[in-house]
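# Inside the fold
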Amino acid sequence: MGKRLAFSVVGERRCLGVRRGGRWIVCPYEAVIPGAAVRDQCEACARLDRSRSVAADTMADDPRPYGVYLAYFGPGLVKVGITAAERGAARLVEQGAVAYAWLGRGPLMAARRAEAVLGSALAVPDRFAKEAKRAARGLLPAVAERRAELAELHARARGLPGWPETLEPVDFAFGDHSELFGLARIPADAAELGAMAAGAEVVGEVLAGVGADVYVRVRIRGVPEDSGAAAEGAVLVPGAGVLARAAAGAGSGDGLAGGLRRSGEEGAVGGVVAVIDARLLSGWVLGATRGGVTTAPVREASYGRGGRRGGEEGDGQQEGLF
């Protein structure tokens, strides 16, 4: 953390193909994919991926043992999931789970059964939308409260009838990723970086990383709101609260991240904390920057607590890494 980040996206965003037999197979169509798409595959490669996938329930014969976990993202945001036991907590890190606890370990279908039991008996979801996860990071209670919420649900889950006999129960043990992710460095009102387009540049300093989300104090160029001049460089959404406050603080030290600092006669240049979904970079060729400011779109975050049963991370599909 604290490292300088500077890159531009070049050319067209291309499908990355599919992994088979322990190696990547290049997309035979060289398909171009939209800049706003979370999935880094074209539809044809995605279909092939799903044809042999635990996530898509097309790999029921996987002989590996699986772990069932509870993943905590914020107050009232606890989901159930499964992951190959050999991966340990890697899956939880990938999802940005703030805290977690294991429920049991056993064969794949037993783990799936336990996941279904928690969903039907306790209404524990198996996914949350990206927006809900991001919003919760600014409202996190003390570690002791996170532990208590997980412990209570763990006890209720273990007491349910219908628990698969072949799933070995695991006693409650609390895990927390606060320090790993750098959660203390994430402001509650972080902005968002939008979808990339060819030639867009991102310049800033990395503050924290939570799953696929990277929090960066981006350098943007703007002017005070009351000057009547247009912003240069980054696209600032009109009326966006965090960005408007930062621009209004130009030269005064007010606003998010100390406001936008005055730089000569070219307008205000300074830092706004914004979150980037790193998956939106997959498929792009990254190159060097030509300027010293971010020109990718920076916008007010559309945080909300909806989408509890929507696609994992907002993509309509549960992610395939188990």
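Figured I'd write up the structure that's included with this text. The structure displayed is predicted, hence computed values, not measured ones. (Residues numbered from 1 in each chain as written. Predicted model: local features only at pLDDT ≥ 70, side-chain atom pairs only at ≥ 80, totals over all residues. Heavy atoms only, no water.)

## Things to note about the overall build of the protein
Regarding its fold elements, the protein presents seven helices and 15 strands. The proportion of buried residues among the 322 residues of the protein is 49%. The long-range share in the protein, meaning contacts at least 24 apart out of those at least 6 apart in sequence, stands at 73%. Of the roughly 14500 Å² of accessible surface on the protein, 53% is carried by carbon and sulfur atoms. (Helix = DSSP H or I, 4+ residues; strand = E, 2+ residues; numbered from the N terminus. Buried < 20%, exposed > 50% of the residue type's maximum accessible area, 1.4 Å probe, protein only. Contact = heavy atoms within 4.5 Å. Areas by Shrake-Rupley, 256 points an atom, 1.4 Å probe, with all protein chains shown as cover.)

## A look at the packing of aromatic side chains
Following the criterion strictly, the structure yields three aromatic pairs and no others. Between Tyr 69 and Trp 102 the ring centres are 6.1 Å apart and the planes differ by 90°, which places this aromatic pair in the edge-to-face class. Here Tyr 69, found in strand E4 (residues 66–74), pairs with Trp 102, found in strand E6 (residues 99–106); they are 33 residues apart in sequence, far enough to count as distant. Trp 102 matches Tyr 69 in its accessibility class, with the two residues each being buried. Ring centres of Phe 73 and Phe 128 lie 5.9 Å apart, and the angle between their planes is 75°; on these two criteria the pair is classed as edge-to-face. (Phe/Tyr/Trp six-rings, centres within 6.5 Å; stacked < 30°, edge-to-face > 60°.)

## Looking at the side chain of Thr 294
As for its placement among the helices and strands, Thr 294 is situated in the loop between strand E14 (285–287) and strand E15 (298–299). A polar atom in the side chain of Thr 294 sits 2.9 Å from the backbone nitrogen of Val 203. (Polar contact = N/O pair within 3.5 Å; in protein donor to acceptor, adjacent residues only side chain to side chain.)

## A short note on the state of the cysteines
Enumeration according to the criterion identifies zero disulfides in this entry. For the unlinked cysteine Cys 27, the closest cysteine sulfur is that of Cys 15, found at 3.8 Å. By relative accessible area, which is 4% here, Cys 27 ends up buried. (Disulfide = S-S within 2.5 Å.)

Fair warning: the whole summary comes from geometry, so function is off the table for now.
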